[in-house]
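# Fold and contact review
Chain by chain, the residues run as shown.
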Amino acid sequence: ETGVTQTPRHLVMGMTNKKSLKCEQHLGHNAMYWYKQSAKKPLELMFVYNFKEQTENNSVPSRFSPECPNSSHLFLHLHTLQPEDSALYLCASSQDNSPLHFGNGTRLTVT
Amino acid sequence: GQQVMQIPQYQHVQEGEDFTTYCNSSTTLSNIQWYKQRPGGHPVFLIQLVKSGEVKKQKRLTFQFGEAKKNSSLHITATQTTDVGTYFCAKTSGGSYIPTFGRGTSLIVHP
């Protein structure tokens with residue numbers, strides 16, 4: 001059972017919609033991550049937050065906007081997405097340099 | 001950061017056969033982590049290797065870290081259908097604690 005919870009599990013949205021992905025970790029970790037997983041591509045790091053401060057933005061388009069209100073919650077706000085943004089979005093957490101704990105992911109389809 | 005190269009991309013085996021996936025880097029690594037992702041699931045941490053030449057075992061799984069800390073392997077003895085999934089290596093290096101993932105090796109086990 002994962003200590004990282006992501007909602008929703010599935011999301012279908014049009015290119016003009018605005019939606020948000022939510023992640024919550026119950027492990028007391030200090031770092032949270034967003035990864036994108038597409039078919040035939042490796043896991044792509046999008047954003048990293050450490051103690052609520054964004055420490056990494058991996059050249060992600062501005063149509064993806066992260067928010068980390070506290071060390072347990074992480075959001076990914078989506079607007080005017082493209083069909084190529086359809087993917088599995090994975091949230092993860094870690095404590096310092098310990099391995100990552102992933103959530104179940106949100107399967108996003110942009111129509 | 002620079003990716004790790006993981007081979008093969010896919011491997012079909014008959015149940016009971018052995019399986020090995022390799023992870024290679026052109027730079028010296030701080031550590032290497034291995035994750036498994038079942039079909040439809042999320043990556044789950046298996047093990048972390050830190051020391052040069054380190055070998056660790058988990059039941060039928062054997063993990064090795066090269067002497068030069070530039071490559072690693074995962075070997076599964078006598079595969080079972082429960083071993084099906086994609087195995088990812090992830091590296092950290094250069095003082096960064098953020099893992100960079102390989103493309104993964106998808107293992108298909110035929111009963």
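Refer to the preceding data block for the structure.
All of the points below concern the structure found in this document. Remember, predicted model here, so these are calculated numbers, not experimental data.

Conventions we followed
- Counting restarts for each chain: residues are numbered from 1 in the order of the written sequence.
- The order in which chains are written sets their letters, starting at A; the order in which ligands are written sets their numbers, starting at 1.
- Whole-chain, interface and lining totals are the exception, using all residues; otherwise, since this is a predicted model, local features are given only for residues with pLDDT of at least 70 and side-chain atom pairs are given and counted only at 80 or more.
- In computing side-chain properties, one takes all heavy atoms of the structure into account and sets aside hydrogens as well as water.
- Per the convention used, a helix needs a DSSP run of H or I reaching at least four residues, while a strand needs a run of E reaching at least two, with both numbered from the N terminus.
- Buried means the residue's accessible area, taken with a 1.4 Å probe over protein chains only, is under 20% of the maximum for its type, while exposed means over 50%, and partly exposed covers the values in between.
- Note on contacts: a residue pair is in contact if any heavy atoms of the two residues lie within 4.5 Å.
- Reported buried area values correspond to the accessible surface (1.4 Å probe) lost by two parts on association, with both partners' losses combined.
- The salt bridge criterion pairs a side-chain nitrogen of Lys or Arg with a carboxyl oxygen of Asp or Glu, the two atoms within 4 Å.
- Two N or O atoms form a polar contact when they lie within 3.5 Å of each other; inside protein one atom must be a possible hydrogen donor and the other a possible acceptor, and for residues adjacent in sequence the pair counts only when both atoms belong to side chains.
- All residues other than Ala, Val, Leu, Ile, Met, Phe, Trp, Tyr, Cys, Pro, Asp, Glu, Lys and Arg, Gly among them, are scored as polar; the first ten of these are nonpolar and the last four charged.

## Brief notes about unusual backbone geometry
- Cis geometry is adopted by the peptide bond preceding P8 of chain A, which originates at T7 of chain A and carries an omega value of -10°.
- Mapped onto the fold, P8 of chain A is located in the loop between β1 (4-7) and β2 (10-13).
- Along the chain, I7 of chain B connects to P8 of chain B via a cis peptide bond; the corresponding omega equals -5°.
- In this structure, P8 of chain B sits in the loop between β1 (5-7) and β2 (10-14).
- Positive phi, close to 50°, is recorded for T80 of chain A, a residue that is not glycine.
- Using a relative accessible area of 41% as the deciding quantity, one classes T80 of chain A as partly exposed.
- A positive phi angle is found at K59 of chain B, which is not glycine, with a value near 55°.

## Digging into the interface of chain B and chain A
- Of the residues lining the interface, 16 residues belong to chain B; the matching set on chain A comes to 23 residues.
- Roughly 1600 Å² of surface becomes buried between chain B and chain A when both sides are summed, with 59% attributable to carbon and sulfur atoms.
- Put simply, chain B and chain A have zero salt bridges between them.
- The tally of links between chain B and chain A comes to five residue pairs in polar contact (both at pLDDT 80 or more).
- When contributions to the side of chain B that touches chain A are tallied by element, the ones reaching two or more residues are β4 (31-37) and β5 (44-49) of chain B.
- Ranked by the residues each element gives to the side of chain B that touches chain A, the list is headed by β4 of chain B, at three residues.
- Its residues assigned to classes, the side of chain B that touches chain A shows eight nonpolar, seven polar and one charged.

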